[in-house]
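These are the residues of each chain, in order.
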Amino acid sequence: MPVLSECGRGREKMAAPMELYCWIGAWGLPSVEPDSLAVLTYARFAGAPLKVHKISNPWRSPSGTLPALKTSDNGVVCQTHKIIAHLRKQKYNADYDLSATQGADTLAFVSLLEEKLLPAHIHTFWVDSKNYVEHTRKWYADVIPFPLNFILPNQMHKRHLERLQTLRGDRWIEDEEELEKELYREAQECMTHLSQRLGTQKFFFGDAPASLDAHVFSYLAPLLKAHLPSSKLQQHLKSLDNLCNYCTSILSIYFSWDGDGPQAPLKAPSGDSADSEEEPHKRRTQVLSVMLGLVAMIGYALLSGIVSIQRVSEVDNGRHAITMEDDDDDEED
């Protein structure tokens, strides 16, 4: 009879596998979005036996958001820190061997990442106009299924702007240009500090990865691998050789078998399609897509002025009729 250790080895008693829903991968990454990438990486570090669904439609997750964890008792956990906390409760703890000092360092560095690196990360992908138009929005519009690709990228853009304003306060609105310089300066200083802290070590606390490594990797890897037309932050990262080697090492050790190599397709890996394309769900999705497409096209036509609805009276018989008028003058190519 197997003996269970305190760090969670010998987990045969688990009734059903946990299921992780996260964004699909590209650019050689297992997932392109930092929150999804952090959870996926932590799970690999901790050895959590997850059934992973890499998808490009958040509405297909149990919560309608990504990442989301479906627990063994059919509960649903959202948000990165809550998912990691749940995995720890299930004895999948990548920080089990850390000392109290290292635990405190972890909290301090995670706070540093959220305060100094996250705002510039959001700005790079979602605010910088060249990156957003030519890279970020284009990529999400390509991989999100029709007609949601007309809706979700704009919603995501709005949420990221709101998140950036929450992180930086009203100053973001008052002096955008000056604050942008401050964002990138602080992010570069943060990455330099991370580089110095890592030094020649394999991971931040030695030879074994911990939760801090999952958080750092989730921010740095997309910056390193994305094909950004405007690459201020990316250029600084590429000048820090140990951080670049650090990201490459994690990819080769923990994600080499995922099928998301350098030439990874934009669509979800075929290994996930078997369990995610059940016939009833697929049929429901197709019907919903058609309905949303019609609503989107009609709404766009009305809002843009291409079509207008007017109520006019018929002189001949006194009845009222509704007519559709084409307004070609307002239509733009």
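Please refer to the structure placed before this passage.
Analysis parameters
Residues numbered from 1 in each chain as written. Predicted model: local features only at pLDDT ≥ 70, side-chain atom pairs only at ≥ 80, totals over all residues. Heavy atoms only, no water. Helix = DSSP H or I, 4+ residues; strand = E, 2+ residues; numbered from the N terminus. Buried < 20%, exposed > 50% of the residue type's maximum accessible area, 1.4 Å probe, protein only. Contact = heavy atoms within 4.5 Å. Areas by Shrake-Rupley, 256 points an atom, 1.4 Å probe, with all protein chains shown as cover. Expected span 1.5 Å × (residues − 1). Arc of directions from axis to C-beta. Axes fitted to C-alpha atoms, helices over the stretch in contact; angles between N-to-C directions. Parallel < 35°, antiparallel > 145°, perpendicular 65-115°, else oblique. Left-handed = near helix turned anticlockwise from the far one by under 90°. Core = buried A, V, L, I, M, F, W, Y, C linked by side-chain atoms within 4.5 Å. Right-handed = clockwise from strand over helix to strand, strands pointing away. Pairing = 2+ DSSP bridges. Phe/Tyr/Trp six-rings, centres within 6.5 Å; stacked < 30°, edge-to-face > 60°. Salt bridge = Lys/Arg side-chain N within 4 Å of Asp/Glu carboxyl O. Lys, Arg positive; Asp, Glu negative; His and termini not counted. Polar contact = N/O pair within 3.5 Å; in protein donor to acceptor, adjacent residues only side chain to side chain.

A.B. asks: Please clarify how the overall build of the chain should be interpreted in this entry.
C.D. replies: Helix and strand content of the chain: 12 helices and 6 strands. Looking at the 333 residues of the chain, the share that counts as buried comes to 45%. Counted over contacts in the chain with a minimum sequence separation of 6, partners at least 24 positions apart contribute 69%. As displayed, the chain has an accessible area near 18100 Å², and 52% of this comes from carbon and sulfur atoms.

A.B. asks: Teacher, can you tell me more about helix α5 (residues 152-168) here?
C.D. replies: An α-helical segment advances 3.6 residues per turn. Residues three or four places apart therefore align on the same side. Between the first and last C-alpha of α5 there are 24 Å, a value that for 17 residues agrees with the 24 Å anticipated at 1.5 Å per step. Looking at α5, one finds that the buried residues are Leu152, Pro153, Met156, His160, Leu164 and Arg168. Down the axis of α5, the buried side of the element spans an arc of 130°, and every buried residue falls inside it. Looking at α5, the residues exposed on the side facing more than 90 degrees away from the buried face are Lys158 and Thr166.

A.B. asks: Would you mind showing me how to read the packing of helix α4 (residues 129-143) against α5 here?
C.D. replies: The geometry of α4 relative to α5 is characterised by a closest axis approach of 9 Å and an angle of 125° between their N-to-C directions. Considering the angle they form, α4 stands oblique to α5. Remark: the crossing between α4 and α5 carries right-handed chirality. Contacts between α4 and α5 pair Tyr132, Arg137, Tyr140 and Ala141 from the former with Pro153, Asn154, Met156 and His157 from the latter.

A.B. asks: Would you mind going over the nonpolar core with me for this structure?
C.D. replies: Soluble globular proteins: nonpolar side chains tend toward being buried together. In this structure, Leu50, Leu87 and Leu117 are the most contacted members of the largest nonpolar core, which totals 82 residues. Top element by residues in this core is helix α3 (residues 100-127). It accounts for 10 residues. Setting aside anything within four residues of it in sequence, one finds Leu117 in contact with Leu112, Ala187, Cys190, Met191, Tyr219, Leu220 and Leu233.

A.B. asks: Would you explain the pairing of strand β2 (residues 50-55) in this entry?
C.D. replies: Where a strand is regular, its side chains alternate between the two sheet faces. Counted residue by residue, β2 has 5 buried out of 6 residues, so it is predominantly covered. A crossover connection joins strand β1 (residues 18-23) to the parallel β2 through helix α1 (residues 34-46); in handedness this β-α-β unit is right-handed.

A.B. asks: Sorry if this is basic, but what is going on with the sheet that holds β1 here?
C.D. replies: Where strands meet in a sheet, backbone hydrogen bonds hold them as pairs that are either parallel or antiparallel. A sheet is described by the order of its strands in space; here 4 strands give the open sequence β2-β1-β3-β4, paired in mixed fashion. Sheet topology places β2 and β4 (76-78) at the edges, where each strand pairs with a single neighbour. Across the sheet, the mean angle separating the axes of adjacent strands is 20° when strand polarity is ignored. Both β1 and strand β3 (residues 68-70) contribute to a ladder of 3 bridges, which runs antiparallel. Note that in β3 the partner of Leu20 across the bridge is Leu69. In this fold α1 packs onto β1 and β2, with an angle of close to 145° to the strand it touches most, β1.

A.B. asks: How do you make sense of the packing of aromatic side chains when you look at a structure like this?
C.D. replies: Each aromatic ring pair is described using two quantities: the centre-to-centre distance and the angle formed by the ring planes. Scanning all chains against the criterion turns up 10 aromatic pairs. Each ring, one from Trp139 and one from Tyr140, has its centre 4.9 Å from the other, and the planes form 90°; the classification is edge-to-face. In terms of burial, Trp139 and Tyr140 fall into one category: buried.

A.B. asks: Would you take a moment to explain the pattern of salt bridges for this structure?
C.D. replies: Opposite charge on two side chains lets them pair, provided their charged atoms get close. Summed over all chains, the structure comprises 7 salt bridges. Ionic pairing is found between Glu186 and Lys116, a salt bridge with its closest N-O pair at 3.6 Å. Linking Glu186 in helix α7 (residues 176-198) with Lys116 in helix α3, this pair joins segments that are 70 residues apart in sequence. Between Lys138 and Asp142 there is a salt bridge, with its nearest N and O atoms 3.5 Å apart. Taken as a pair, Lys138 and Asp142 lie in helix α4 at a separation of 4 residues, close to a single helical turn. Since its relative accessible area comes to 39%, Asp142 is described here as partly exposed.

A.B. asks: For this particular structure, what's the right way to read the side chain of Asp213?
C.D. replies: As for its placement among the helices and strands, Asp213 is situated in helix α8 (residues 211-225). As a buried residue without a salt bridge, Asp213 has its nearest oppositely charged side chain in Arg197, at a separation of 8.8 Å. At 2.9 Å, the side chain of Asp213 and the backbone nitrogen of Ala210 are in polar contact. If sequence neighbours within four positions are ignored, Asp213 has contacts with Phe45, Phe203, Phe204, Ala208 and Tyr246.

A.B. asks: I keep staring at the side chain of Ser36 and nothing clicks. Help me out?
C.D. replies: Examined against the element boundaries, Ser36 turns out to sit in helix α1. According to the relative accessible area criterion, Ser36 is buried, its value standing at 0%. Of the polar contacts made by the side chain of Ser36, one reaches the backbone nitrogen of Trp23; its length is 3.3 Å. In this view, Ser36 contacts Cys22, Trp23, Ser31, Leu66 and Pro67; residues no more than four positions away in its chain are not counted.

A.B. asks: I tried to follow the pairing of β1 on my own but got confused; where do I start?
C.D. replies: Of all 6 residues in β1, 6 are buried; the element is thus mostly enclosed. Pairing analysis gives 6 bridges linking β1 to β2, with the strands arranged parallel. Residue pairing in the sheet places Cys22 in a bridge with Lys54 of β2.

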